[in-house]
Amino acid sequence: MSRYLNLIQIFWRTAIAAELEYRLNFFFAALSSLGGLAGSLFSLFLFYRKGYNFQGWTWQEALIVVGIFTFLEGFSSTFLASNLNRIVKHVQDGTLDFVLLKPINSQFWLSFHSFSLWGVPDMLFGLIIIFYAGSLLQIGIAAYFLSAIPILFGIIIIYSLWFILGSTSIWFTKIYNITEVLRGLLAAGRFPIAAYPATYRFFFTFVIPVAFLTTVPAETLLGRGNLAWIAGGGSQD
């Protein structure tokens, strides 16, 4: 275990040093993150501006979903896109063999070899939104720790989907943009699952488990995590 932790430290130190050669990019990444967050908030505002709300979700509660989505979007940009997107490139360039021959676990190398700073602003802005909405709703500290469990499971789900799709490039080499399709589908998680019709709720729960990425952690944080949201789209009993 210590060996792999040391390798992660070396990998990320090298990656961060390379990223900091172009420090102005971080500023533009932060502006891009602000623009994306503003777009999400504006889209949500369009629903709530005249008193409409998603079934069982107030404005502040929906903000928590947006915050969790923004945090996971930043996590994906920081850890997943910089690593797992390269699986397809390795297959296309014929360099995957060099990875498989390295004296370390191949999946570990493909998953942790790189690190991108440009997703960090999204992670920070996501946490700010979560804590801001939580303060308005007077959520206790214990609820934050409890919600960290489904958020961790959500991270594992995103990683698994991303890795599976990247691995399929071994058999289907013309899928270089498949991860972008996945990111487009995961974007549905910026709203509570109650925002979608029943057919879409089924799809985003059992086919592409978007509901488990944002709605379930938000339900847990709000203290109403139960199975009712599957049948009722996130409504309270």
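Located above this text is the structure these notes cover.
Residues numbered from 1 in each chain as written. Predicted model: local features only at pLDDT ≥ 70, side-chain atom pairs only at ≥ 80, totals over all residues. Heavy atoms only, no water.

1. Some thoughts on the overall build of the protein
Alright, step 1. Each helix and strand in the protein was counted, giving 11 helices and zero strands.
Alright, step 2. Reading the protein from its N end, one meets helices and strands in the order α-α-α-α-α-α-α-α-α-α-α.
Alright, step 3. For a compact globule of 237 residues, the expected C-alpha radius of gyration is about 18 Å, and the protein comes in at 19 Å, within 12% of that figure.
Alright, step 4. Taking the principal axes of the C-alpha coordinates as reference, the protein spans close to 55 × 35 × 35 Å.
Alright, step 5. By residue count, 47% of the 237 residues in the protein fall in the buried class.
Alright, step 6. Partitioning the contacts of the protein with sequence separation of at least 6, the portion at a separation of at least 24 is 75%.
Alright, step 7. Summing over all exposed atoms, the protein offers an accessible surface of approximately 12700 Å²; the carbon and sulfur share of this is 68%.
Alright, step 8. Here the protein carries 13 positive and 10 negative side-chain charges, and the mean point of each set is 3 Å from the other. (Helix = DSSP H or I, 4+ residues; strand = E, 2+ residues; numbered from the N terminus. Rg over C-alpha atoms; globule rule 2.2 N^0.38 Å. Buried < 20%, exposed > 50% of the residue type's maximum accessible area, 1.4 Å probe, protein only. Contact = heavy atoms within 4.5 Å. Areas by Shrake-Rupley, 256 points an atom, 1.4 Å probe, with all protein chains shown as cover. Lys, Arg positive; Asp, Glu negative; His and termini not counted. Charge placed at Lys NZ, Arg CZ, Asp CG, Glu CD.)

2. Looking at the packing of helix α3 (residues 59-93) against helix α7 (residues 141-167)
Alright, step 1. Put simply, α3 and α7 touch, their axes get as near as 10 Å, and they point 25° apart. By the angle between their axes, α3 is roughly parallel relative to α7. Of the two elements, α3 crosses α7, and the hand of that crossing is right-handed. Contacts between α3 and α7 involve F71, L72, F75, S76, L80, A81, L84, N85, I87 and V88 from the first element and I151, I155, I158, Y159, W162, F163, G166 and S167 from the second. (Axes fitted to C-alpha atoms, helices over the stretch in contact; angles between N-to-C directions. Parallel < 35°, antiparallel > 145°, perpendicular 65-115°, else oblique. Left-handed = near helix turned anticlockwise from the far one by under 90°.)

3. Points about the nonpolar core
Soluble, globular proteins show a tendency: their nonpolar side chains are buried together.
Alright, step 1. Counting 59 residues, the largest nonpolar core has L44 and L72 as the members making the most contacts within it.
Alright, step 2. Residue contributions to this core peak at 15 residues, all from α3.
Alright, step 3. Among residues more than four places away in sequence, those in contact with L44 are F54, W59, A62, L63, V66 and F191. (Core = buried A, V, L, I, M, F, W, Y, C linked by side-chain atoms within 4.5 Å.)

4. Focus: the environment of S32
Alright, step 1. In this structure, S32 sits in helix α2 (residues 24-48).
Alright, step 2. Here the alpha-carbon distance between S32 and D122, two residues 90 residues apart in the chain, equals 9.1 Å.

5. Some words on the pattern of salt bridges
Alright, step 1. Counted by the stated rule, this structure contains three salt bridges.
Alright, step 2. In this structure, R224 engages E61 in a salt bridge whose closest nitrogen and oxygen atoms are separated by 3.3 Å. In this pair, R224 is assigned in the loop between α10 (215-221) and α11 (228-232) and E61 in helix α3, connecting sequence segments 163 residues apart.
Alright, step 3. Bridged by salt links that share partners, the residues E61, E219 and R224 form one connected network. (Salt bridge = Lys/Arg side-chain N within 4 Å of Asp/Glu carboxyl O.)

6. A short note on helix α9 (residues 198-207)
Alright, step 1. Within the span of α9, buried status applies to R201, F204 and T205. With its buried residues spanning 95° around the axis, α9 presents them on a single face. Away from its buried face, by an angle of more than 90 degrees, α9 presents the exposed residues T199, F202 and F206. (Arc of directions from axis to C-beta.)

7. Thoughts on empty space enclosed by the protein
Any empty space left between the atoms is revealed when a probe the size of a water molecule rolls over them.
Alright, step 1. Counted according to the given criterion, the structure contains two cavities of 30 Å³ or more.
Alright, step 2. Approximately 100 Å³ is the volume found for the largest cavity.
Alright, step 3. Taken together, F69, L72, E73, S76, I158, W162, R183, L186, G189, V210, L213 and T214 form the lining of the largest cavity.
Alright, step 4. Secondary-structure elements contributing two or more residues to the lining of the largest cavity are α3, α7 and α8 (178-186).
Alright, step 5. At four residues, α3 tops the list of elements feeding residues into the lining of the largest cavity.
Alright, step 6. Its boundaries defined by the atoms lining it, the second largest cavity holds a volume of some 40 Å³.
Alright, step 7. Lining of the second largest cavity is provided by N83, R86, H90, W109, L110 and H113.
Alright, step 8. Among the secondary structure elements, those contributing two or more residues to the lining of the second largest cavity are α3 and α5 (106-112).
Alright, step 9. Here the lining of the second largest cavity takes three residues from α3, the largest share from any one element. (1 Å grid on protein atoms, 1.4 Å probe; cavity = no way out; pocket = protein on both sides within 12 Å on 5 of 7 lines; lining within 4 Å. Points joined across faces, edges and corners; volume = space filled by probe spheres on them.)

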